[in-house]
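# Descriptive structure summary
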Amino acid sequence: LGFNVPYQFSDADFIISARQLQMFLSESDGVRVPFKALVYTTGECNYGGRVTDDHDRTCLNSLLNRIYTKNILKRDFSFSDSGMYTVPRDTDLRGYWDFITALPVFSAPEVFGMHENADITKDIQETNLLCSTILLTQERVTSGDAGGQDKVVETISRSLLEKLPENFDLEKIQASWPVNYKESMNTVLHQECIRFNRLLSTVRESLQNLLKALQGFVLMSTELESLSLDMTNGKLPVLWAKRSYPSLKPLAGYTRDLIERLTMLKDWITQGKPDVFWISGFYFTHAFLTGALQNFARKYQVPIDQIEFDYEMLPPKPLIDWTRPEDGVYTHGLFFESACWDNENQVLAESLPKVLFTPAPFMWLKPTKRDEIHPPAHYLCPTYRTVDRRGTLSTTGHSTNFVMDIRIPSAHETSHWTNRGVAMLCSLTDG
């Protein structure tokens, strides 16, 4: 929890960090402790040497700053709000031993600055891992049961084929929404339709081939057998995932999500550019964001590398009541993890007990010259495409799952939300 990528931290990292701590303390006079040097050697060299994600490095240093701090020299200092985890008073070896053994066997989330809901997230992850492992060890279907399973797969396949719409007519879309220097969204729409056509073709052809294989007309290949097994287990087939946008939803949820995304594009084509964009519905969200910046840059003749988004949280109202802004775009469809939005005070707030995800407010993404942005106190909230926040490390230093950082107004310090692992998500794992 807290990190986007799992790291194999070793005992050697701990040992060298402990030795460096001892060395720095021995050379200091007990008052001028080099806390910054301790954070750097531990967070950037020892443990940080294994960290590849920029946001993980920020999280690691934020956690270390809770420990390597001048406040630790105060008698009333506590590592947690409950006061359970404190610095022990001067005592002998037995006293330190008794203090340590009195601590809970399982550390509470508050030790790491996390919300109590982190326990629920941990339990869900462990349960999912257990279930996935059990499915991997499941025996293949015997010949006596194959008929029943084949019937189920055939029913699911036919149902999905009936729900799938036809591919987009790219020539017709190109004629209705031609390339326009002053309207980059036309290009974004066309590219999105190309990507979804590729996905639709893959899904449709694989299902048709699977039905033929079940009827004995073609050979049941390894790919089709894997497709059949994934559909039986209610998982997103690996064959589709190779052509798909990132998603952790089960098969039924993925199908509904895909239909909703296709419907959004269809409405855009037939009814015109929407006043409020469902930002989570894009196959490639970065193209949409770049398009919004390009429109502004070309309209005001400003170099695109000198502008970025400013963010304004908006009160909720029905979609039909919105009017397209003069510059920038209105968006909706994101979710908060480990926090929620206080609509009354217009700031980021603590999660409610047992509520892991909450809808984010409508947002106005306003392209602005970088030197004209003067935001209030805020938390730079990372936004990801899926809950696991994990992807392939790109040349920008960010994960391919990463979308952008959004400035969210906050009454707390940035480290408070960083330790809680607060992020915004485009897609959840439920159906």
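Please refer to the structure placed before this passage.
Calculation criteria
- Residues numbered from 1 in each chain as written.
- Predicted model: local features only at pLDDT ≥ 70, side-chain atom pairs only at ≥ 80, totals over all residues.
- Heavy atoms only, no water.
- Pairing = 2+ DSSP bridges.
- Helix = DSSP H or I, 4+ residues; strand = E, 2+ residues; numbered from the N terminus.
- Axes fitted to C-alpha atoms, helices over the stretch in contact; angles between N-to-C directions.
- Buried < 20%, exposed > 50% of the residue type's maximum accessible area, 1.4 Å probe, protein only.
- Contact = heavy atoms within 4.5 Å.
- 1 Å grid on protein atoms, 1.4 Å probe; cavity = no way out; pocket = protein on both sides within 12 Å on 5 of 7 lines; lining within 4 Å.
- Points joined across faces, edges and corners; volume = space filled by probe spheres on them.
- Nonpolar A, V, L, I, M, F, W, Y, C, P; charged D, E, K, R; others polar.
- Expected span 1.5 Å × (residues − 1).
- Polar contact = N/O pair within 3.5 Å; in protein donor to acceptor, adjacent residues only side chain to side chain.

## Some thoughts on the sheet that holds strand S1 (residues 276–278)
A sheet is described by the order of its strands in space; here four strands give the open sequence S1-S3-S8-S2, paired in mixed fashion. The open sheet has two edge strands with one neighbour each: S1 and strand S2 (307–314). Going across the sheet, the axis of each strand differs from the next one's by a mean of 35°, ignoring polarity.

## Focus: the pairing of S2
Most of S2 is tucked away: six of the eight residues are buried. Relative to strand S8 (residues 362–369), S2 runs antiparallel, the two being bridged by eight bridges. Bridge assignment links Met313 to a residue of S8, and that residue is Met363.

## Considering the environment of Leu161
Looking at the element boundaries, Leu161 is found in helix H6 (residues 143–163). Sequence separation between Leu161 and Leu207 is 46 residues; the distance between their C-alpha atoms is 7.3 Å. Not counting chain neighbours up to four residues away, the residues in contact with Leu161 comprise Arg204, Leu207, Gln208 and Leu211.

## Quick look at the pairing of strand S9 (residues 378–384)
For S9, the tally of buried residues reaches five of seven residues, placing the bulk of the element in the interior. In the sheet, S9 pairs with strand S10 (residues 402–409) via seven bridges, with the strands oriented antiparallel. Bridge pairing in S10 links His378 to Pro409. For S9 and strand S11 (residues 423–425), the ladder comprises two bridges, and the chain directions are parallel. Of the residues in S11, the one forming a bridge with Tyr384 is Leu425.

## A word on empty space enclosed by the protein
Applying the stated criterion across every chain yields a total of two cavities of 30 Å³ or more. In this structure, the largest cavity is lined by Tyr245, Pro246, Arg261, Ser280, Phe282, Tyr283, Thr285, Arg385 and Cys426. Looking at the lining of the largest cavity residue by residue, the class counts come to five nonpolar, two polar and two charged. Lining the second largest cavity we find Leu160, Leu164, Val203, Trp240, Tyr254, Thr255 and Leu258. Sorting elements by how many residues they give to the lining of the second largest cavity places helix H11 (residues 251–271) first, with three residues. The residue makeup of the lining of the second largest cavity, split by class, is six nonpolar, one polar and no charged.

## Points about helix H3 (residues 54–67)
For H3, which comprises 14 residues, the first-to-last C-alpha distance of 21 Å matches the rise-based estimate of 20 Å (1.5 Å per residue) to within 8%. Among all positions in H3, only His55, Asp56, Cys59, Leu60, Asn61, Ser62 and Leu64 are buried. The secondary structure elements touched by the buried residues of H3 are helix H2 (35–46), S9, S10 and helix H13 (414–420). Put simply, Asp53 is the residue that caps the front of H3, since its side-chain oxygen is 2.8 Å from the backbone nitrogen of His55.

Just geometry here; none of it tells us what the structure is for.
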